[in-house]
Amino acid sequence: MTHVHGSWLRAAGAARLLGADGAVAPTIFAEMSALADVTGAINLGQGFPDDDGPAEVLETAREAIASGQNQYPPGRGAPVLRDAIAEHQQRFYGLAWDPETDIIATAGATEALAATLLALLDGPDDEVVVFEPFYDAYAAVIGLAGARIAPVRLRWPDFQPDLDELSAAVTDRTRVILVNDPHNPTGTVFSPDVRARIVELAERHDAVIVTDEVYEHLVFGDPHVPIATVPGAADRTVSISSGGKTFRTTGWKIGWVTAPERLATAILAVKQYLTYANGSPFQPAIARGLRMPDEFFAGLATDMRQKSAVLGAGLTAAGFDVSSPAATYFTVADTSALGFDDAAEFCRALPGLAGVVAVPLTAFVTAEHHDEYRPFVRFAACKKREVLEQAADRLAAITR
């Protein structure tokens, strides 16, 4: 057999990992993290923290393992976790979800996204509106489902969508409007006008809103506003989040979906044949985290804001033009001021130039719009402050 047929070709092709000769490239995260390992560079590319989560959360996992919670949990998720998710949604956002019918625990937000999109999409006549640049898994799963992607560009430096372009992108072919707010990779937070327009367009064209909110507790200004709280949105919105970013446990892969029962039932029909269930001892641990006091969540945002400021100041001092993030782990910088016009080449050279790893923003866009994002690089600030300060010193060497 010389060629492997299958839907994987759509997934790899949509994610821009498939070469003209049929070779499959690694994701940019795998490539850059491997480069960091080989060179000893500071890895500001992949968005994982370099310290552990709260002691209470970690200890709850240990206790769960010791007490024998090591077999399959229910397919929908352990009741303790689903109850905690319902309490969290009510506590922070005033959203009332029934843990028996409206909540599903998943293997991280990525499985939640995959199960949701595979459940709701049905071939090439369906379109998904996404905000570009976008988390790379979006394009892969949309491709796997055989649907088409309809990008709405977010432009430097504030990365807010143009409302007219958004309105033009949403049509009667739109099955899903896929929202990532707070936004990876740009660090932007959508304005109230953008959220309202998304809901208006979803109602007009009978589309489902799928919203990825994994950075919900890492907003630097006013608290996060889920799109499901916008009038008219809750009945057509699938909200996705996870404990990985909030509790610095990205390797546990505990995520969740909240949605009206009819949508949750459709998603569960697919999800149960992906992993069925996962992370049994980690589910009560994340439940413990979701019940942490308000001070913990406020402290998360403050700490991340301060780290982003350290990174941003270092990048500015090194000569980059920098976009100020409003949330998340990430800061986007323009390499043009340093004389570079290709961020991918820059990122591959950066470990040798400065002992730092980042990722090019072109890894998060369609081929059609590649050149528009060609000079931009994403750096992750989710590291210890001393690591960020060391990275800033190293980056300054580029212009010395």
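In what follows, the accompanying structure is described. Everything quoted here is computed from the prediction, not taken from an experiment. (Residues numbered from 1 in each chain as written. Predicted model: local features only at pLDDT ≥ 70, side-chain atom pairs only at ≥ 80, totals over all residues. Heavy atoms only, no water.)

Attention now moves to the sheet that holds strand β12 (residues 359-360). Spatially, the four strands line up as an open sheet ordered β9-β10-β13-β12, and their pairing is antiparallel. Strands with a single pairing partner mark the edges of an open sheet, and in this sheet they are β9 (321-322) and β12. Pairing of β12 with strand β13 (residues 376-380) involves two bridges; the strand directions are antiparallel. Note that in β13 the partner of P360 across the bridge is V377. (Pairing = 2+ DSSP bridges. Helix = DSSP H or I, 4+ residues; strand = E, 2+ residues; numbered from the N terminus.)

Along the chain, E132 connects to P133 via a cis peptide bond; the corresponding omega equals 5°. Relative to the helices and strands, P133 resides in the loop between β3 (127-132) and α6 (136-144). For the bond running from D181 to P182, omega is 0°, close enough to zero to count as cis. Topologically, P182 is positioned in the loop between β5 (174-180) and α8 (192-205).

Moving on to helix α2 (residues 28-39). It helps to recall that an α-helix has 3.6 residues per turn; residues three or four apart then point in one direction. In this model α2 runs 16 Å from its N-terminal to its C-terminal C-alpha over 12 residues, within 8% of the 16 Å that 1.5 Å per residue would give. Along α2, the residues that are buried comprise I28, F29, M32, S33 and A36. Along the long axis of α2, the arc covered by the buried residues comes to 120°, so they all point the same way. Facing away from the buried side of α2 by more than 90 degrees, the exposed set consists of D37 and V38. Elements in contact with the buried residues of α2: β1 (42-43), α6, α12 (343-354), β11 (356-357), β12 and β13. Looking one or two residues past α2, G40 carries a phi angle of roughly 75°, positive in sign. (Expected span 1.5 Å × (residues − 1). Buried < 20%, exposed > 50% of the residue type's maximum accessible area, 1.4 Å probe, protein only. Arc of directions from axis to C-beta. Contact = heavy atoms within 4.5 Å.)

For the structure on display, the rule yields 18 aromatic pairs. Residues F29 and F364 carry aromatic rings whose centres are separated by 5.7 Å and whose planes lie at 65° to one another, so their mutual orientation is edge-to-face. Highlighted residues: F29 in helix α2 and F364 in the loop between β12 and β13, separated in sequence by 335 residues. The class for F29 is buried, based on a relative accessible area of 12%. A ring pair is formed by F340 and F346, whose centres lie 4.8 Å apart and whose planes are at 65°; its orientation type is edge-to-face. Note on F346: relative accessible area 1%, which makes it buried. Ring pairing ties together the aromatic residues F92, Y93, F247, F296 and F297, which thus form one cluster. Just above the ring of F330 sits the side chain of R378; from NZ or CZ to the centre is 3.7 Å. Taking the ring centre of F48 as reference, the NZ or CZ of K383 above it sits at 3.8 Å. (Phe/Tyr/Trp six-rings, centres within 6.5 Å; stacked < 30°, edge-to-face > 60°. Lys NZ or Arg CZ within 6 Å of the ring centre and 35° of its normal.)

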